[in-house]
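Chain residues, written in single-letter form:
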Amino acid sequence: MKNGEQKIQTIPDELPILPVRDAVIFPNAVIPLTVGRESSVKLINDVQQGDGMLVVLTQRDKRVDSPGPIDLYDIGTVSVVHRVMKTPEGNLFVIIMGVSRTRVQEFIQFDPYLRARITVLADEKEDETSVDFQALRRTVISQFERIIKLSPQLPDDLQTIVINIEDTGRLADYIATNLPNLSIVSKQFVLEEISVRKRLEFLNTELAKELEVLELRTKIQSQVQEEVGKSQREYFLREQLRAIQRELGEADDTQREMDELRKKIEAAGMTEEAKKEADRELGRLGRMSPAAAEYTVSRTYLDWLVTLPWNVLTTERVDIARARQVLDRDHYDLEKVKERILEYLAVLELRPLGKAPILCFVGPPGVGKTSLGRSVAEAMGRRFIRISLGGMRDEAEIRGHRRTYIGALPGQIIQNIRRAASRDPVFMLDEIDKLGADFRGDPASALLEVLDPEQNNTFRDHYLDVAFDLSRVFFITTANVLDTVPSALRDRMEIIELPGYTEEEKVQIARSYLVPRGRENSGLQPDQIEFQDEALHRIVRHYTRETGVRNLERQLTSICRKHARRMLEGKDPKLVVTPDVVTELLGAPKFSLEEEVEERAKRAGVVIGLAWTPVGGDILFVEANIAKGGRHLTVTGQVGDVMQESTKAALTWVRSYAIELGLDSDFYKDIDVHVHVPAGSIPKDGPSAGVTMVTALVSALTNTPIRPKLAMTGEITLSGHVLNEKNVVEDIQPELLKEIKIHYVRTIEEVLNLAFPRRVLRAVSDKEPIQQVI
């Protein structure tokens, strides 16, 4: 250390300061620097005139252009300028050698460059002969040698230099200088640490991190090279195999696959546009390597093209009589629907190339819309396919995804046409009123082309990107309501309404269809269970309240299951289901509508109205109550705006006819009127409750109950009918007309005279008549 101590003793107490960016100079290290700042250039020129000694300090922030004392670290390195060269840009290229660590005590000059009073720092003395110190030293050297072998940035001769450095402090500085990816902050930490042991411990940790990164990098590169080498080897072997097969006159698997696809394209009967696209894609496929990622995409596309039924049609001859037989066998009544289907079949027989209609079956749940589609397909001798549109929100479900997307496929229309294996199936689009829409598109808009006979002969799926003819497909859609179906889509379809079933129709359906099916599903034989008509009527009337027959089928199947259990328990193997047996097996009646109607209508102010709902018709109770107050009307029961306006119109009519009703002309000034429509959790709206509101108000004000078992509907308006005799005769079954008596009225006077047991309204000859229906 005598040479080092001699060197330290020759260092002046005051030296100029050279700030540097992104560099830390260690003692005994030779570093090239590019000097460009005006103050730094002057500093270099000045020290060249003397002993060439200066202090190098690292900037805390490299973005500062004119650093001051606070921008520099306090500890740096006393260095000597060995060589200076000028660059063409006017900068100086300087070779500097570090001499010793130093600490700045005080800055004594700031212009034209920094100058400071310094103190030289020496390494702390360590017992380098101890076992743990030697182990630490060897570990650091060993890790650095492994890094030299793995890092492409470090030359191999560094290993020889490291082994020959005897001074441990100098060894640590040398490793810190040459360690790649060691940050400026970490290098500054090593420079400021005068304890050699702590310097080695810190470097040991940093070397371990760097070694782990390099080993992982080497592993990744090895895997990549292995995969690339494997792919190249397979490619060369495959090419050699092809060359050998060509010499032997044999075709390889890929060539056989190309030939097979070419034959399928010729036999598929594609349109000219589709065949041209298929040939182009086949040529592209032949130029690809089977190992290429695009090969599978192209092959899948060709498979879709060659497997579609481009010219496959059902060849069975239409038999009108058989079609009628199938429809009657599977469905009770529904005469309008059956007639329309048979009309189409007749036209198809006379004009086979005609366009198929687009039918829309609208009706409440459980009336047989979906099963009717299957029967239509069987009657026509065609394949039946069905997709549910309920909750569908992505346009690509209809049109497909473009082939640029990973995993792209055609839409549901093309997919199901391929499953049907013919170009003219019966295609049911179920629940079209429940389509959704979001950022992925609007499926309803995509269906506009599908369901338009003038456009669907050139339907273009995004995946296929060629036209496909859908004009021979018999599309049938189903919906519960039409309100949510866009008008443009609704305009493309022929609407066929399927009304709810009456009690007698439900009994007939149960006898002919539901009982045999429930018996079969329960494993019973026809002679093991029998339903009486009275029992069926009881189930329909007191255990179900629906327009369809789904819940009715559940109740019948429940009885069959219960009897199956009784049989296995050793009880009577034969069961005749009577009304009493129904009560025994299904429990107490769930619905007693007649008793409820009769009981509630005994009270003054309660009137029964008729209502339409998406799941069928229903009755509606309207209750009016009078209390002391002052000219205030309250309407409750989640009533819509239109129905509230009807209530106000009804009250206005009652006030205008107060004298004729036997009331004071100013009766309203001292009372409050409250009109309530029960079942408050269900929204209600519409104008047809007008006559019901008037009758309820008159009943409450005159304290007169209405006649029992009377219901009404109609809007209190000066023109127009809500319902007329033509609608009644056409839409209501004859057996129902035998059991009810319908009155057609034109004025409120007629309504009130029919509604109450006694006359409550004197003749109104001077009032303009109001047309109404009850």
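Above this note sits the structure.
Below, the structure is looked at part by part.

Thresholds applied
- Residues numbered from 1 in each chain as written.
- Predicted model: local features only at pLDDT ≥ 70, side-chain atom pairs only at ≥ 80, totals over all residues.
- Heavy atoms only, no water.
- Helix = DSSP H or I, 4+ residues; strand = E, 2+ residues; numbered from the N terminus.
- Rg over C-alpha atoms; globule rule 2.2 N^0.38 Å.
- Contact = heavy atoms within 4.5 Å.
- Lys, Arg positive; Asp, Glu negative; His and termini not counted.
- Charge placed at Lys NZ, Arg CZ, Asp CG, Glu CD.
- Pairing = 2+ DSSP bridges.
- Right-handed = clockwise from strand over helix to strand, strands pointing away.
- Buried < 20%, exposed > 50% of the residue type's maximum accessible area, 1.4 Å probe, protein only.
- Axes fitted to C-alpha atoms, helices over the stretch in contact; angles between N-to-C directions.
- Salt bridge = Lys/Arg side-chain N within 4 Å of Asp/Glu carboxyl O.
- Phe/Tyr/Trp six-rings, centres within 6.5 Å; stacked < 30°, edge-to-face > 60°.
- Parallel < 35°, antiparallel > 145°, perpendicular 65-115°, else oblique.
- Left-handed = near helix turned anticlockwise from the far one by under 90°.
- Nonpolar A, V, L, I, M, F, W, Y, C, P; charged D, E, K, R; others polar.

1. Regarding the overall build of the chain
Line of reasoning, step 1. The secondary structure content of the chain amounts to 27 helices and 22 strands.
Line of reasoning, step 2. Relative to the globule expectation of 28 Å for 774 residues, the C-alpha radius of gyration of the chain, 48 Å, shows a markedly less compact shape.
Line of reasoning, step 3. If you take every contact in the chain between residues at least 6 apart in sequence, the share linking residues at least 24 apart comes to 73%.
Line of reasoning, step 4. One way to put it: in the chain the 104 positive side-chain charges average out to a point 1 Å from where the 120 negative ones average out.

2. Thoughts on the pairing of strand β18 (residues 632–636)
Line of reasoning, step 1. As defined by bridge partners, β18 adjoins strand β19 (residues 671–676) across 5 bridges and the pair is classed as parallel. In the strand pairing of β19, Thr-636 is matched with His-676.
Line of reasoning, step 2. A crossover links β18 with its parallel partner β19, the connecting element being helix α23 (residues 641–656), and its sense is left-handed.

3. Overview of the environment of Leu-752
Line of reasoning, step 1. Locating Leu-752 in the fold gives a position in helix α27 (residues 748–755).
Line of reasoning, step 2. Residue class for Leu-752 comes out buried when judged on its relative accessible area of 0%.
Line of reasoning, step 3. As a C-alpha pair, Leu-752 and Val-698 span 54 residues in sequence and 8.4 Å in three-dimensional space.
Line of reasoning, step 4. Leaving out residues up to four positions away in the same chain, Leu-752 has contacts with Trp-653, Leu-661, Thr-695, Val-698, Val-760 and Leu-761.

4. A few points about the side chain of Asn-456
Line of reasoning, step 1. Looking at the element boundaries, Asn-456 is found in the loop between α16 (443–450) and β10 (459–460).
Line of reasoning, step 2. If near-sequence neighbours (up to four positions away) are discounted, Asn-456 is found in contact with Glu-449, Val-450, Phe-468, Asp-469, Leu-470, Ser-471 and Phe-475.

5. Regarding the sheet that holds strand β12 (residues 474–479)
Sheets are built from strands that pair by backbone hydrogen bonding, the pairs being arranged parallel or antiparallel.
Line of reasoning, step 1. Overall, parallel pairing links the 5 strands, which are arranged β8-β9-β12-β7-β13 in an open sheet. Of all the strands in the sheet, just β8 (384–388) and β13 (494–497) have a single pairing partner and so form its edges. If you compare each strand with its neighbour and ignore which way they point, the axes differ by 20° on average.
Line of reasoning, step 2. With respect to the sheet, helix α13 (residues 369–380) is in contact with β7 (358–362), β8, β9 (426–430) and β12, its orientation differing from that of β9 by roughly 175°.

6. A few points about the pattern of salt bridges
Any two side chains of opposite charge can pair, so long as their charged atoms come close to each other.
Line of reasoning, step 1. On inspection of all chains with the given rule, the structure shows 48 salt bridges.
Line of reasoning, step 2. Glu-257 is the salt-bridge partner of Arg-299, the closest N and O atoms lying 1.6 Å from each other. Here Arg-299 is found in helix α10 (residues 293–307), whereas its partner Glu-257 is found in helix α8 (residues 253–267), with 42 residues between them in sequence.
Line of reasoning, step 3. For Arg-299, a relative accessible area of 19% corresponds to the buried category.
Line of reasoning, step 4. Here Glu-257 falls in the partly exposed class, since its relative accessible area comes to 21%.
Line of reasoning, step 5. Its salt-bridge partner being Glu-530, residue Lys-574 comes within 3.6 Å of it at the nearest N-O pair. You can see Lys-574 sitting in the loop between α20 (550–568) and β15 (575–577) and its partner Glu-530 sitting in strand β14 (residues 529–531), a full 44 residues away along the chain.

7. Looking at the environment of Arg-554
Line of reasoning, step 1. For Arg-554, the position within the fold is in helix α20.
Line of reasoning, step 2. Note on Arg-554: relative accessible area 52%, which makes it exposed.
Line of reasoning, step 3. Arg-554 sits 36 residues away from Gly-518 along the chain, and the two C-alpha atoms are 8.3 Å apart.

8. Things to note about the packing of aromatic side chains
Line of reasoning, step 1. Counting across every chain of the model gives 8 aromatic pairs.
Line of reasoning, step 2. When the centroid spacing of 5.8 Å and the interplanar angle of 65° are considered together, the rings of Tyr-301 and Tyr-463 count as edge-to-face. With Tyr-301 in helix α10 and Tyr-463 in the loop between β10 and β11 (467–468), this pair connects stretches of sequence that are 162 residues apart. Comparing Tyr-301 with Tyr-463 shows no difference in burial state: the two are buried.

9. As for the side chain of Ser-195
Line of reasoning, step 1. Structurally, Ser-195 can be placed in the loop between α6 (184–192) and α7 (196–248).
Line of reasoning, step 2. Setting aside residues up to four positions removed in sequence, Ser-195 forms contacts with Glu-124 and Glu-126.

10. Side note on the packing of helix α11 (residues 320–330) against α13
Line of reasoning, step 1. Where α11 contacts α13, the axes come no closer than 9 Å and their chain directions differ by 155°. As the angle between them shows, α11 and α13 are arranged roughly antiparallel. In this structure, α11 crosses over α13, and the sense of that crossing is right-handed. Residues Arg-322, Ala-323, Val-326, Leu-327, Arg-329 and Asp-330 of α11 lie in contact with α13, whose contacting residues are Leu-372, Ser-375, Val-376, Glu-378 and Ala-379.
Line of reasoning, step 2. Of the residues belonging to the contact of α11 with α13, the class tally is 6 nonpolar, 1 polar and 4 charged.

11. Focus: unusual backbone geometry
Line of reasoning, step 1. In this chain, Asp-111 is followed by Pro-112 through a cis amide linkage whose omega measures 5°.
Line of reasoning, step 2. With respect to the helices and strands, the residue Pro-112 is situated in the loop between β5 (92–109) and β6 (115–121).
Line of reasoning, step 3. At Gln-638, a residue that is not glycine, the phi angle is positive and equals roughly 55°.
Line of reasoning, step 4. A relative accessible area of 42% places Gln-638 in the partly exposed class.
Line of reasoning, step 5. Residue Asn-703 is not a glycine yet carries a positive backbone phi of 55°.

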